[in-house]
Amino acid sequence: MSRIALVLGAAGIMAVLLLVGLALPRWLLFLVTLAASHGIVSVGILVIMRGGLVSFGQGLVFAIGGYAAALSFTQLGITDVIVLILIGTLAATLVGAAVGPLLARYTGIFFGMLTLALSMVAYGVLIKSPAVGGSDGFNIPRGTLFGVRLEGAGGDYALYALAIVLTGIAATAVALHTRSARGLMTRAIHGNGLRVEYLGTSVQSVMAINFTVAAALGGLGGALTIVALGHIEPTFAYWTQSGEFVFVAILAGSQSVTAVFIASLALELVRSFSNLYFPNTWQLALGLFLLAIILFLPAGIGSLWAGRRKAPATGAETQA
């Protein structure tokens, strides 16, 4: 698929989703909004996975993006949701750029455990900080969009549309990135990083940039979640939240960015309905769903149209 075809296809999907959203009930608009905001974080994990690494600490940048947006609302009086989302994305990007070179020095389980440790350190700091609500977190009211308060059904649709457009643009940029020279170099690093070094490319530099990109996507997802949910708490940085992002990336597979959002929506729907009809055993229902996907689609949901049902290769080329 050419770059032009990819961009046009992504624009078409976004247009269809915006039209479909007009007919969706409010509860489903909210679920899709959360699925999009969580899915873009998992897309960041996919960027890292292409280099053969897995981050178990994306909750760190997810929480940073969320807290930066929420505190900008409560402390600085910024109410425009687009500005809040940009602030959250920028804050997470700066953190990713700061810790990325350090994390890029490590590989394998050491990289994963270090990202997890950083996330849990942030969780410990947040839960002991009364200035940001401690373990309970704090609420923020609905923001504004171009000066209009996002309230009622119209506000729900506006947030849905904003999530679709922003995550769609970000996901398209990631898909284009995977086709760039640096994106293909990441795939080569997964195959044999030592040979890439011999060719004159710094593996650490490439992976540091990939982590920074993933951090920006995590901050975007965190900020989007906050403006839609209206509440933030330290569990955003907890290991279980990071684990959900990894689960979505594994369920989707590495062949398609679109599959990540489908997996994220499926996870939200299964969790929501399981919690509704099986309130005491919803985790079991969710676990059975995850097990079924792993057994029958070992290469992920994306293998349904990518034609690769076998060998879930994290280095496979990512499609739109």
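Given the structure is predicted, the values throughout are model-derived calculations rather than measurements. (Residues numbered from 1 in each chain as written. Predicted model: local features only at pLDDT ≥ 70, side-chain atom pairs only at ≥ 80, totals over all residues. Heavy atoms only, no water.)

Chemist: What exactly am I supposed to notice about the overall build of the protein here?
Modeler: What the protein contains, in helices and strands, is 12 helices and 4 strands. Compactness check: the protein gives a C-alpha radius of gyration of 19 Å against a globular reference of 20 Å for 320 residues, within 12% of the reference. For the protein, the spread of C-alpha atoms along the three principal axes comes to 55 × 45 × 40 Å. Residue pairs in contact within the protein that sit at least 24 positions apart in sequence constitute 79% of those at least 6 positions apart. As displayed, the protein offers around 14,300 Å² of accessible surface, 70% of which is attributable to carbon and sulfur atoms. (Helix = DSSP H or I, 4+ residues; strand = E, 2+ residues; numbered from the N terminus. Rg over C-alpha atoms; globule rule 2.2 N^0.38 Å. Contact = heavy atoms within 4.5 Å. Areas by Shrake-Rupley, 256 points an atom, 1.4 Å probe, with all protein chains shown as cover.)

Chemist: I tried to follow the nonpolar core on my own but got confused; where do I start?
Modeler: Across soluble globular proteins, nonpolar side chains have a tendency to be buried as a group. By size, the foremost hydrophobic cluster in this structure holds 61 residues, and its most contacted members are Ile40, Val43, Tyr67, Ile85, Phe138, Ile232 and Val257. Leaving out residues up to four positions away in the same chain, Ile232 has contacts with Ala63, Gly66, Tyr67, Ala70, Asp136, Gly137, Phe138 and Ile226. Formed by 14 residues, the second largest nonpolar core is a distinct cluster that contains Ile48, Ile189, Val203 and Val206. (Core = buried A, V, L, I, M, F, W, Y, C linked by side-chain atoms within 4.5 Å. Buried < 20%, exposed > 50% of the residue type's maximum accessible area, 1.4 Å probe, protein only.)

Chemist: Quick question: what am I supposed to make of the environment of Ala215 here?
Modeler: Assignment of secondary structure puts Ala215 in helix H8 (residues 203-229). When its relative accessible area of 1% is taken as the criterion, Ala215 is described as buried. Each C-alpha atom of the pair Ala215 and Leu53 lies 15 Å from the other, and the pair is 162 residues apart in sequence. Contact partners of Ala215, with chain neighbours within four places excluded, come to Gln58, Val61, Ala92, Thr93 and Gly96.

Chemist: When you look at the packing of aromatic side chains in this model, what are you seeing that I'm missing?
Modeler: To describe a pair of aromatic rings, you give the distance between the ring centres and the angle between the ring planes. Overall, the coordinates contain 9 aromatic pairs when judged by the stated rule. On the numbers, 6.4 Å between centres and 85° between planes, the contact of Phe111 with Phe211 is edge-to-face. With Phe111 in helix H5 (residues 108-127) and Phe211 in helix H8, this residue pair connects regions lying 100 residues apart in the sequence. In this pair, the class of Phe111 matches that of Phe211, namely buried. Plain terms: the ring middles of Tyr123 and Tyr238 are 4.7 Å apart, the flat faces sit at 50° to each other, and that makes the pair tilted. Residue Tyr123 is found in helix H5, and its partner Tyr238 is found in the loop between strand S4 (231-232) and helix H9 (239-252); the two are separated by 115 residues along the sequence. In this structure Tyr123 comes out as buried when scored by relative accessible area, which is 18%. Taking the relative accessible area as the measure of exposure, Tyr238 reaches 26% and is therefore partly exposed. (Phe/Tyr/Trp six-rings, centres within 6.5 Å; stacked < 30°, edge-to-face > 60°.)

Chemist: Explanation requested: the side chain of Ser55 in the structure shown.
Modeler: With respect to the helices and strands, the residue Ser55 is situated in the loop between helix H2 (26-49) and helix H3 (59-76). At 2.9 Å, the side chain of Ser55 and the side chain of Gln58 are in polar contact. (Polar contact = N/O pair within 3.5 Å; in protein donor to acceptor, adjacent residues only side chain to side chain.)

Chemist: It is not clear to me how the confidence of the model for the protein should be interpreted in this structure. Could you clarify?
Modeler: In low-pLDDT regions, the fine details of the predicted coordinates are not to be read closely. Of all residues in the protein, 95% have pLDDT values of 70 or greater, and the mean over the chain is 87. Contacts of residues 308-317 to residues separated by more than four positions or lying in other chains number 29 contacts, the stretch itself having pLDDT below 50. (pLDDT = per-residue confidence, 0-100.)

Chemist: Looking at this structure, I do not really get the side chain of Ser37. What am I missing?
Modeler: Within the secondary structure, Ser37 is located in helix H2. Residue classification places Ser37 among the buried positions, given a relative accessible area of 1%. Only 2.9 Å separates the side chain of Ser37 from the backbone oxygen of Leu34, close enough to count as a polar contact. Excluding anything up to four places from it in sequence, Ser37 contacts Gly221, Leu224 and Thr225.

Chemist: Whenever I open this one, the pattern of salt bridges confuses me. Can you help?
Modeler: When charged atoms on two side chains of opposite charge get close, those side chains can pair. Under the defined criterion, the tally for this structure stands at 4 salt bridges. Here Arg26 ties to Asp156 by a salt bridge, and the two come within 2.6 Å at their closest N and O atoms. Of this pair, Arg26 sits in helix H2 while Asp156 sits in helix H6 (residues 152-179), and the two are 130 residues apart along the sequence. Asp156 sits in the buried class, given a relative accessible area of 13%. (Salt bridge = Lys/Arg side-chain N within 4 Å of Asp/Glu carboxyl O.)

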